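Tertiary structure, described
The lines below spell out each chain.
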There are 2 protein chains.
Amino acid sequence: MQRIEPLRPKEIRSLIRKGKWGKPTAGVALGYAQANLVVLPQKYAFDFLLFCQRNPKPCPLLEVLEPGRYRTKYLSSYADIRTDIPRYHIYQNGRLERTVKRITDLWRKDFVTFLLGCSFSFEEALLRVKITIRHIEENKNVPMFITNIPCKPAGVFHGPMVVSMRPIPLDQVARAVQITSRYASVHGAPVHIGDPLAIGIKDLRKPDFGDSVTIHKGEAPVFWACGVTPQAVVMKAKPDLCITHAPGHMFVTDLLNEELA
Amino acid sequence: MQRIEPLRPKEIRSLIRKGKWGKPTAGVALGYAQANLVVLPQKYAFDFLLFCQRNPKPCPLLEVLEPGRYRTKYLSSYADIRTDIPRYHIYQNGRLERTVKRITDLWRKDFVTFLLGCSFSFEEALLRVKITIRHIEENKNVPMFITNIPCKPAGVFHGPMVVSMRPIPLDQVARAVQITSRYASVHGAPVHIGDPLAIGIKDLRKPDFGDSVTIHKGEAPVFWACGVTPQAVVMKAKPDLCITHAPGHMFVTDLLNEELA
């Protein structure tokens, strides 16, 4: 989110498709929503779709494709899921086996694609009302924590909710809740405000993923459901195969963040 | 909604289960959400879940059960889907074959249960802010119309959106939008306000389902996505078997309408 990137989503996806863009997508095509990717064989698809339906805060579905389909219909009419993401992670039996730049050769007719909302969208909305995002300010990755809040299980999928934390000045906390409440399809309102222990987080300086950020006096830690949750839950279920985006290397959609509000 | 019914959801479900309640459920357990029922064999379940995900306004999912399960977990911890609805419709190949009072003997391990939000919830919210509901006032069924708005298809399921219409005084239209926007899981904000022709409705006096109601001078017809949509779409796909509630004979949940806001 740090700098203005003049390219439009279609142009960025075209560069990615041609192998000319290997970087993370944070800060590109500002104003447009980016999405997390999860591809699963069809035998897991109903359970995972049900898991997302039951847990919309950590798993906000933006689009799900029918088995075998690799072209999005609603997030973009131009995209190819097999080539338009800068880096893919291939997991076998819950273990990361390799990172690749396209999955065209791996594609199967029973693959079901899930695209989930990403916090970039609501961070942009917060910035627009002059609420500072500490990890952007400190040029770090957002701190993420495994909580003691159980997700609602569905079929083979279950596990705790992972949250991201942003320190917010006390006089802006209510405003931050209002703003992010408008974006239900990108994690929505916070799941917790204040005391980290209440949701099982023992030390805010030691995130389970991402980086530790400064919390100033007069700020509350505010916790939002995080898109790492579905990935953690999928890995725990150890499907024989699962493909995701590599962290930070997202699918850039043609949907304006404002269209999600 | 016309009269106060002192019984609580659990008591009503118990009467229904014992065969002592064959009536519609409109107006009972005021304050508690009621749900539409769709039961489908597992082979149709992913497509239908995807259809609901893509069309949340006509198909607002309140709970979906894993294959074979007949006890709800989130809408109530006491209920049995096979016995706790006053009347069921059994459809074979898209045709209504019979109406029964319980489906215990028909139950199969591959049945997937979908419970969808119902407009009773948002009507109660409108009444609470003194917005009159004409069909309740006239003691009729809400008028429903097949529109030219296509639902987003999913797998074998596709078809036009069905809407319900409520005449609202012009100076209360914005308020009605605000109030119902809060209830996204029970159809949410209107899909259309005003000119019926714009969504393919030729004559407001001739609803496709339900009854015609009076529209006074100074009132706009306001159209909400209707729970008849998923039923119409399922019937069109002609699954070999489908079980629904009989119109007006809903599943009474333990969830307060306010919990849906």
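What you see is a predicted model; the values in this text were computed from it and never measured.

Below, the discussion takes up the overall build of chain A. Each helix and strand in chain A was counted, giving six helices and 11 strands. Each of the three principal axes of chain A carries a C-alpha extent, and together these read 55 × 40 × 30 Å. Here chain A, with 261 residues, has 56% of them falling under the buried criterion. Of the contacts made within chain A by residues no fewer than 6 positions apart, 78% connect residues no fewer than 24 positions apart. With an accessible surface of roughly 11100 Å², chain A has 53% of that area assigned to carbon and sulfur atoms. Here chain A carries 36 positive and 24 negative side-chain charges, and the mean point of each set is 3 Å from the other.

One recurring pattern in soluble globular proteins is that nonpolar side chains are buried together. Ranked by internal contacts, the top residues of the largest apolar core, which has 68 residues, are A:Leu40, A:Phe114, B:Leu40 and B:Phe114. When near neighbours in sequence (up to four residues on either side) are disregarded, A:Leu40 contacts A:Phe48, A:Asp110, A:Phe111, A:Val112, A:Phe114, A:Phe157, A:Val234, A:Pro239, A:Leu241 and A:Cys242.

Within the element layout of this structure, A:Tyr74 appears in the loop between strand S2 (61–64) and strand S3 (88–92). We classify A:Tyr74 as partly exposed; its relative accessible area is 26%. In the structure, A:Tyr74 is positioned 181 residues away from A:Leu255 in sequence and 8.4 Å away in space, judged by C-alpha atoms. The residues contacting A:Tyr74, other than those within four sequence positions of it, are A:Glu63, A:Leu255, B:Arg54, B:Lys152 and B:Pro153.

Note on aromatic pairs: each is described by the distance of the centres and the angle between the planes. Counted under the stated rule, the structure contains 10 aromatic pairs over all chains. For the ring pair A:Trp107 and A:Phe111, a centre distance of 5.2 Å and an interplane angle of 85 degrees mean the geometry is edge-to-face. One exposure class covers both A:Trp107 and A:Phe111, and it is buried. Taken together, A:Phe48, A:Phe114 and A:Phe157 form an aromatic cluster joined through their ring pairs. Directly above the ring of B:Tyr70 sits B:Arg82, whose terminal nitrogen or CZ lies 3.4 Å from the centroid.

Residues and elements named next belong to chain B. In spatial order, the strands read S6-S7-S9-S8; together these four strands make up an open sheet with antiparallel pairing. Strands with a single pairing partner mark the edges of an open sheet, and in this sheet they are strand S6 (144–150) and strand S8 (192–193). Sheet topology places S6 next to strand S7 (residues 160–169); four bridges connect them, and they run antiparallel. By the bridge assignment for S7, Ile146 is matched with Val162. Against the sheet, helix H5 (residues 173–181) engages S7, S8 and strand S9 (219–225), with an angle of about 15 degrees to S9.

Let us look at the relation of the copies chain B and chain A. Overlaying chain B with chain A gives an RMSD of 0.0 Å, the required rotation being 180 degrees about an axis along which the chain moves by 0.0 Å. A rotation of that kind, with that shift, is consistent with a two-fold axis. Across chain B, the rotation axis passes nearest the C-alpha of B:Phe46, at a separation of 2.6 Å. In this assembly the copies share their binding face: 100% of the residues contributing to the interface of chain B also contribute to that of chain A.

As a further point, take the interface of chain B and chain A. Opposite the 19 residues of chain B that make contact, chain A presents 19 residues. Together chain B and chain A conceal approximately 1600 Å² of surface at their shared face, both sides included; 63% is due to carbon and sulfur atoms. The largest per-residue losses of area from chain B upon contact with chain A belong to B:Phe46, B:Glu66 and B:Tyr74, which jointly make up 36% of the total buried on that side. Linking chain B with chain A are two salt bridges. Among the ionic pairs, B:Arg54 bridges to A:Glu66, the shortest N-O distance being 3.0 Å. Here chain B is connected to chain A by six residue pairs in polar contact (both at pLDDT 80 or more). Counting only elements with at least two residues in the side of chain B that touches chain A, the list comes to helix H2 (45–54) and strand S2 (61–64) of chain B. The dominant element in the side of chain B that touches chain A, judged by the number of residues it contributes, is H2(B), at six residues.

Reading the values: the criteria
Residues numbered from 1 in each chain as written. Chains lettered and ligands numbered in written order. Predicted model: local features only at pLDDT ≥ 70, side-chain atom pairs only at ≥ 80, totals over all residues. Heavy atoms only, no water. Helix = DSSP H or I, 4+ residues; strand = E, 2+ residues; numbered from the N terminus. Buried < 20%, exposed > 50% of the residue type's maximum accessible area, 1.4 Å probe, protein only. Contact = heavy atoms within 4.5 Å. Areas by Shrake-Rupley, 256 points an atom, 1.4 Å probe, with all protein chains shown as cover. Lys, Arg positive; Asp, Glu negative; His and termini not counted. Charge placed at Lys NZ, Arg CZ, Asp CG, Glu CD. Core = buried A, V, L, I, M, F, W, Y, C linked by side-chain atoms within 4.5 Å. Phe/Tyr/Trp six-rings, centres within 6.5 Å; stacked < 30°, edge-to-face > 60°. Lys NZ or Arg CZ within 6 Å of the ring centre and 35° of its normal. Pairing = 2+ DSSP bridges. Axes fitted to C-alpha atoms, helices over the stretch in contact; angles between N-to-C directions. Least-squares fit on C-alpha atoms with pLDDT ≥ 70 in both. Buried area = accessible area lost by both parts, 1.4 Å probe. Salt bridge = Lys/Arg side-chain N within 4 Å of Asp/Glu carboxyl O. Polar contact = N/O pair within 3.5 Å; in protein donor to acceptor, adjacent residues only side chain to side chain.

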